[in-house]
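# Secondary and tertiary structure notes
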Amino acid sequence: MLIIYEGFIKGAHAADGGNSTMSILTFRKTDFIPDNAAQQKIVIAVDGPAASGKGTLAKKMAERLGYAHLDSGALYRAVAMTALEIGADCNLFSDVEPALKIVLRNLTPELLSCPDLRTPEVSEAASKVSAIPQVRDALLKHQRDFAHNLPAYVGGVVIDGRDIGTVVCPDADIKFFVTASVEERARRRYLELQSEKKEASFVKVLEDLKARDHRDTTRKVAPLVAAEDAYILDTTTLSPSQTLDETISVIRSRFLSDSAEYPAKASQKAV
Ligand code: DC
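Read on for an overview of the structure.

Reading guide: rules and limits
Within each chain, residues carry numbers counting from 1 in the order of the written sequence. At least 70 in pLDDT is required for a residue's local features to be given in this predicted model, at least 80 for side-chain atom pairs to be given and counted, and no such filter applies to totals for whole chains, interfaces and linings, which use all residues. Water and hydrogen atoms were dropped before computing side-chain values, which therefore reflect all heavy atoms in the structure. Every helix listed is a DSSP run of H or I at least four residues long, and every strand listed is a run of E at least two residues long, numbered separately from the N terminus. By the convention used here, residues are in contact when the closest approach between their heavy atoms is within 4.5 Å. Surface exposure here means Shrake-Rupley accessible area, sampled with a 1.4 Å probe, where a residue is shielded only by the protein chains that are shown. Type-normalised accessible area, obtained with a 1.4 Å probe on protein chains alone, sets the label of each residue: buried when under 20%, exposed when over 50%, and partly exposed for intermediate values. Whether a residue is near a molecule or strand is decided by its heavy atoms; if any one of them lies within 4 Å of it, the residue is near. Whenever two N or O atoms come within 3.5 Å, that pair is a polar contact, provided that in protein one can donate a hydrogen and the other can accept it, and provided that, for residues adjacent in sequence, both atoms are side-chain atoms. Residue classes follow a fixed rule: Ala, Val, Leu, Ile, Met, Phe, Trp, Tyr, Cys and Pro count as nonpolar, while Asp, Glu, Lys and Arg count as charged, and any other residue, Gly among them, counts as polar. Angles here are taken between N-to-C directions and fall from 0 to 180 degrees, while the axes themselves are lines fitted to C-alpha atoms, restricted in helices to the stretch in contact. In these notes the angle categories are as follows: under 35 degrees is roughly parallel, over 145 is roughly antiparallel, 65 to 115 is roughly perpendicular, and the rest is oblique. Working rule for handedness: look at the near helix, and if it is turned counterclockwise from the far one by less than a right angle, call the crossing left-handed; if clockwise, right-handed. In this scheme, strands are said to pair when DSSP sees at least two bridges between them. Geometry of aromatic contacts follows a simple scheme: Phe, Tyr and Trp rings, the Trp one being its six-membered ring, pair when their centres are within 6.5 Å, and the pair is stacked under 30 degrees between planes, edge-to-face over 60, tilted otherwise. To estimate the expected span of a helix, count its residues, drop one, and scale the result by 1.5 Å. What counts as a salt bridge is simple: a side-chain nitrogen of Lys or Arg found within 4 Å of a carboxyl oxygen of Asp or Glu.

Moving on: the overall build of the chain. Assigned secondary structure in the chain consists of eleven helices and seven strands. Across the chain, the fraction of contacts at a sequence separation of at least 24, relative to all contacts at a separation of at least 6, is 76%. Accessible area for the chain stands at about 12700 Å²; split by element, carbon and sulfur atoms hold 53% of it.

Printed below as a string of structure tokens:
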């Protein structure tokens, strides 16, 4: 991988006295966007449902553009994992609050890349804690701090999640909404679990995804929905590299001109 910097930025975060440290990974630039666009810090929002491939896409995009990358789902997963560790009921803020405080004080690269964040139990719990308004509020501040305090050497940031284009960074320069049919997403997740030699049933994976989709799209605060100005990317029949190429061409055309193509697909059905 082409990581050349691994630095830290200080988050001016009220809940922890502004002392949290957040990791920031940036990448060597292997693609380009025109100079006039590169003079300002570019924010690219990548939203989409579970297992849509948006995380991998966002990371690859950041690699190609030499930008920082923030996986906002990892923040919710870290709170969920910690809540499970302390035996909290993940539906109750009073139970989850101590876990939230611990996580806000320890947002290290190790925590955010910990493989334990990816277990089915943590996925399920993350979907629950992310429906708690106070949790969202605390993590919202953190995500904005990240986007607005990029080091001088970084040209922009790619943030992936569920509400980046709608709530966290509504003024993002470019917004993608990445989706795929629920059956295709379940197939991808199932193959991933198999390749990791984890026991899995396709039917269970499909049911879990449907339940998470339902929770993510119907929650009261910041539900999963495509921003009106998002470019909708249906990856059901696309490979990861085709998806990446498509996003890079959208970014190029967006910065090179007000291409008629952008955001022509925004009216398509999102999930
Ligand atoms: O993207 P992910 O599967 O790692 O996200 C884990 C959970 O966190 C998911 O159920 C939705 C939630 N989430 C959210 O509500 N808002 C975000 N910006 C990112 C994730």
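A word on the side chain of T243. Along the polypeptide, T243 turns up in helix α11 (residues 240-256). On the basis of relative accessible area, T243 is assigned to the buried category, the value being 6%. In contact with T243, not counting residues within four places along its chain, are L57, L233, T235 and L238.

Around the ligand lies a shell of 17 residues, among which R77, R136, R162, D163 and R219 are the nearest. In the environment of the ligand, an oxygen atom lies 2.9 Å from a nitrogen or oxygen atom belonging to the side chain of R219. When contributions to the shell around the ligand are tallied by element, the ones reaching two or more residues are α3 (72-85), α6 (120-129) and α10 (202-218). The greatest single-element share of the shell around the ligand, amounting to four residues, is contributed by α3. In terms of residue class, the shell around the ligand is built from three nonpolar, five polar and nine charged.

This part is about the packing of α3 against helix α4 (residues 93-105). Contact pair α3 / α4: the axes reach a minimum separation of 8 Å and the direction vectors enclose 125°. Taken as axis vectors, α3 and α4 run oblique relative to one another. Of the two elements, α3 crosses α4, and the hand of that crossing is right-handed. On the side of α3, the interface is formed by A78, V79, T82 and A83, while α4 contributes V96, A99, L100, I102 and V103. Each residue belonging to the contact of α3 with α4 can be placed in one class, and the counts come to eight nonpolar, one polar and no charged.

Okay, the pairing of strand β5 (residues 156-161) next. With six of six residues buried, β5 lies mostly within the body of the structure. A two-sided burial pattern is seen for β5, the buried positions comprising G156, V158 and D160 on one face and V157, I159 and G161 on the other. Alignment of strand β3 (residues 42-47) against β5, held across six bridges, turns out to be parallel. Directly across from I44, in β5, lies its bridge partner V158.

This brings us to the packing of aromatic side chains. Going through the model one piece at a time under the given rule, you end up with two aromatic pairs. Judged by centre distance (5.9 Å) and plane angle (85°), the rings of Y190 and F202 are edge-to-face. Of the two residues, Y190 is situated in helix α9 (residues 182-195) and F202 in helix α10; the sequence distance between them amounts to twelve residues.

Mapping S52 onto the fold places it in the loop between β3 and α2 (54-65). According to the relative accessible area criterion, S52 is buried, its value standing at 2%.

Here α11 is 17 residues long and its end C-alpha atoms lie 24 Å apart, about the 24 Å a rise of 1.5 Å per residue gives. Residues of α11 that are buried: T243, L244, T247, I248, V250, I251, S253 and F255.

Turning our eyes to something else, we now look at the pattern of salt bridges. Within the structure shown, the criterion is met by 16 salt bridges. Two residues, K198 and E196, come together in a salt bridge whose shortest N-O distance is 2.9 Å.

Okay, helix α7 (residues 133-148) next. With 16 residues, α7 ought to run about 22 Å at 1.5 Å a step, and its terminal C-alpha atoms sit 22 Å apart, in line with that. Inspection of α7 places V135, R136, A138, L139, L140, H142, Q143, D145, F146 and A147 among the buried residues, and these make up the whole buried set.

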